[in-house]
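Tertiary structure, described
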Amino acid sequence: MSLYSNPTQSGSAAIPIVAPTSEKEIPKNVPSKYSTQDSKARTCRNLIIHGYCKYEGKGCKFNHDLNKSTSPPNSPETAKSKLSVNSPVFKPSTILSTISPEVVNAPPFIPKNQLNVVDETPITPPSAPGSPQKRLFYDSGEHEYDADISMFDPTIGFYPSQPLTSPKPFLLSSGGVKGHGLNALANSFASLATPFSALDTLPDTTTQHTNNTSYFTNSHYANPFLYQSQQTLIPQPLQYHLYTSPLPHVSNLHPHQKTIHAFFMSDHLREELQQKNEVTLSSVNAKDFNLPEELHVYHSLYPLDLRQGKSVKIFGYPSFTYKSICNVDGRVYCLRRIEGFRLTNEIAMSTIESWRRIRHANIVSIREAFTTKAFGDHSLVFVYDYHPLSQTLFDKHFSSPIQNAVQIQGVSANIPETVLWSYIVQLASAIKTIHASNLAARMIEPTKILLTGKNRIRVNCCGIMDMLAFDGGKNIHYYQQEDLLHFGHLIISLACNSLTSIHNLPKSIELISRQYSHDLKNVILYLISKPTPDKTIDDVVTMIAPKILHEINSAHQYVLCNGM
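This report concerns the structure included in the present document.

About the thresholds
- Residues numbered from 1 in each chain as written.
- Predicted model: local features only at pLDDT ≥ 70, side-chain atom pairs only at ≥ 80, totals over all residues.
- Heavy atoms only, no water.
- Axes fitted to C-alpha atoms, helices over the stretch in contact; angles between N-to-C directions.
- Helix = DSSP H or I, 4+ residues; strand = E, 2+ residues; numbered from the N terminus.
- Parallel < 35°, antiparallel > 145°, perpendicular 65-115°, else oblique.
- Contact = heavy atoms within 4.5 Å.
- Nonpolar A, V, L, I, M, F, W, Y, C, P; charged D, E, K, R; others polar.
- Buried < 20%, exposed > 50% of the residue type's maximum accessible area, 1.4 Å probe, protein only.
- Arc of directions from axis to C-beta.
- Expected span 1.5 Å × (residues − 1).
- Salt bridge = Lys/Arg side-chain N within 4 Å of Asp/Glu carboxyl O.
- Pairing = 2+ DSSP bridges.
- Core = buried A, V, L, I, M, F, W, Y, C linked by side-chain atoms within 4.5 Å.
- Phe/Tyr/Trp six-rings, centres within 6.5 Å; stacked < 30°, edge-to-face > 60°.

**Some words on the packing of helix α11 (residues 417–436) against helix α13 (residues 476–496)**
- For the pair α11 and α13, the least separation of the axes is 11 Å and the interaxial angle reads 170 degrees. With respect to their mutual orientation, α11 and α13 come out roughly antiparallel. Only Gln480, Asp483, Phe487, Leu490, Ile491, Leu494 and Ala495 of α13 make contact with α11, whose side of the interface consists of Leu420, Tyr423, Ile424, Leu427, Ala428, Ile431 and His435.
- Residues of the contact of α11 with α13, tallied by class, amount to eleven nonpolar, two polar and one charged.

In structure tokens, the structure reads:
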């Protein structure tokens, strides 16, 4: 037998390769899970899952008619089927008898706000307390409710526009409360709102139960501040004290110890800033004061000199002061209006440019000047920086309420010498800067020097007289000598605490020599001496040089102590 002989066909173990059947042909020898009788009774799963069966009429042995119930009663599919819409209504085999007959026979609930709408339902008049119509079943069936209990009305706003009335309490009966159920709990919560001023008039609820509702429904017990009504609220002043002062046991500490207040702004500085902010934002109705709505590029005018009359002593024309807001930068400025002045020489406007270039800590800076007819006349308006809560030296030291208070308290009316030297140093510095610019202040007056802070003074209204009495700068030396003379008169008035002291100079100098130092007297005598070409503000600065160093040292020490 050859090694490579072909095997016979009868003993061949090779698997014959046949062509694959098409999708339309169904294999004939596929084993079936169910018998033929069961297959005809079952619904085709292709019809349930896909909605159709592609083998329907082509050899599929399952049922394809959904309208015909074909599943056997005891088949697994019948047990797993879901509920249908046509399922019978569930009826319990036994009925529970634990529900009270009164609850079963209770009348239907009708809201109070629909009683006048529903006409076909007869309304039963209120019956006696304890009747079934008024019984409210909570736990034990012993609590009662009142048919007049107020209902919630969503149309009523939170801020009532009508006069304030006290709302009716919830779950409070005018006929009394029985037991200790929800009504008693409501009374206990309502008693927490009892105002302290009404404790004396509180009725005795232990002996008379009928007063429970009358106490809460009286309108005079309602607190208007709880309802936020604009008609009943009383405007309160702004509270500047946002933080409390340090307690006594933590006030006196060692230098190395710190309190919580040492890490924040001091209370006095915070109060001052809050007051300045409130004054800066204050406003009035322009029509009430006959003020224009807008003036050049400024609006929201607020008068600052309501107490002053139309004084013509300083400028020769009536003047008024306003606070306003600029449309350009949104900042607040001070407007000084000269009423009834007609500008005849336009060159006078050029003097403002020289004043605008001056920037000094003791001079109120001027921004611009313009003419207007917005007030119904020819007016000249000067624009200056605004310093809120500032007052003049006249208001600080020479006003009648201040002098009367000093006389009543029996305290010495003399200004401390350190304060006087501080004023002298600041005014000398301002005058030296003005004279160095070939200008004259011409405003060394108690009513035109502002006190903007603690012993911080600024010369105000600079440049006004240069326009009102324009001469082209011919008499500038004369006006500078006048500045020195008025400077001396101001110191005398402050030292003697009287504006009339300059009319009797010998007596005033004698008083000053007894109460103040010799250096102060020498400065005053030099300032009120006769004008000479050699008399300048530089000589005054030389005389007060030691006081200037002391003022600088005090200013630095103040900054260090306040942490600024």
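**A short note on the packing of helix α14 (residues 505–515) against helix α15 (residues 518–527)**
- At a closest axis distance of 9 Å, the pairing of α14 and α15 adopts a crossing angle of 155 degrees. With respect to their mutual orientation, α14 and α15 come out roughly antiparallel. Where α14 approaches α15, its residues Ile509, Ile512 and Ser513 are matched on the opposing element by Lys521, Ile524 and Leu525.
- Here the residues of the contact of α14 with α15 sort into four nonpolar, one polar and one charged.

**Here's the deal with α14**
- Among the residues of α14, those classed as buried are Ser508, Ile509 and Ile512. Along the axis of α14, the buried residues cluster in a sector spanning 100 degrees; they form a single face. For α14, exposure combined with an orientation more than 90 degrees from the buried face picks out Pro506, Lys507 and Arg514.
- Residues of α14 that are buried sit in contact with α13 and α15.

**Considerations on helix α7 (residues 267–280)**
- Along its 14 residues, α7 runs 20 Å from first to last C-alpha, staying within 8% of the 20 Å computed at 1.5 Å per residue.
- Inspection of α7 places Arg270, Glu271 and Thr280 among the buried residues, and these make up the whole buried set.
- Each element contacted by the buried residues of α7 is listed here: β3 (319–326) and β4 (332–339).

**A few points about the pattern of salt bridges**
- Under the defined criterion, the tally for this structure stands at seven salt bridges.
- Salt-bridge contacts for Asp385 lead to Arg367; the nearest nitrogen and oxygen are separated by 2.7 Å. Of this pair, Asp385 sits in strand β6 (residues 379–385) while Arg367 sits in strand β5 (residues 366–372); the two residues are 18 residues apart in sequence, bridging distant segments of the chain.
- Residue classification places Asp385 among the buried positions, given a relative accessible area of 19%.

**Brief notes about the sheet that holds strand β8 (residues 449–453)**
- Taken in spatial order, the three strands line up as β7-β8-β9 in an open sheet, and their pairing is antiparallel. Looking at which strands have only one partner, the edges of the open sheet turn out to be β7 (391–392) and β9 (456–459).
- Taken together, the four bridges between β8 and β9 define a ladder with antiparallel strand orientation. Across the sheet, Ile449 pairs through a bridge with Val459, a residue of β9.
- The strands touched by α11 are β8 and β9; relative to β9, the strand with the most contacts, the crossing angle is about 30 degrees.

**Brief notes about unusual backbone geometry**
- The phi dihedral of Ser300 is positive, around 55 degrees, even though this residue is not glycine.
- Looking at the element boundaries, Ser300 is found in strand β2 (residues 298–303).
- Positive phi, normally seen in glycine, also occurs at Asn497, with a value near 60 degrees.

**Observations concerning the nonpolar core**
- Among the nonpolar cores identified, the biggest contains 60 residues, and Phe315, Ile338, Phe382, Ile464, Leu468, Phe487 and Leu520 are the most heavily contacted of them.
- With eleven residues, the single largest contributor to this core is α11.
- If near-sequence neighbours (up to four positions away) are discounted, Phe382 is found in contact with Cys334, Leu335, Arg336, Ile338, Ile352, Ile366, Glu368, Ala369, Gly463, Ile464 and Met467.
- Core analysis: the second largest hydrophobic core is formed by 14 residues, Ala286, Tyr298, Cys326 and Phe370 among them.

**A closer look at the sheet that holds β6**
- An order of β1-β2-β3-β4-β6-β5 is seen for the six strands of this open sheet, with the pairing classed as antiparallel. On the outer flanks of this sheet lie β1 (294–295) and β5, each paired with one strand and no other.
- Bridge count between β4 and β6: seven bridges; the pairing is antiparallel. Note on β6: the bridge partner recorded for Glu339 is Ser379.

**Some words on the side chain of Asn460**
- Within the secondary structure layout, Asn460 lies in the loop between β9 and α12 (464–468).
- For Asn460, the contacting residues outside a window of four places in its chain are Arg336, Val364, Tyr384, Met443, Lys448 and Leu450.

**Observations regarding the packing of aromatic side chains**
- Applying the stated criterion across every chain, the model contains five aromatic pairs.
- Between Tyr317 and Phe341 the ring centres are 5.5 Å apart and the planes differ by 85 degrees, which places this aromatic pair in the edge-to-face class. Here Tyr317, found in the loop between β2 and β3, pairs with Phe341, found in the loop between β4 and α8 (351–356); they are 24 residues apart in sequence, far enough to count as distant.
- Look at Tyr322 and Phe375: their rings are 5.8 Å apart centre to centre, the planes differ by 20 degrees, and that puts the pair in the stacked class. Of this pair, Tyr322 sits in strand β3 while Phe375 sits in the loop between β5 and β6, and the two are 53 residues apart along the sequence.

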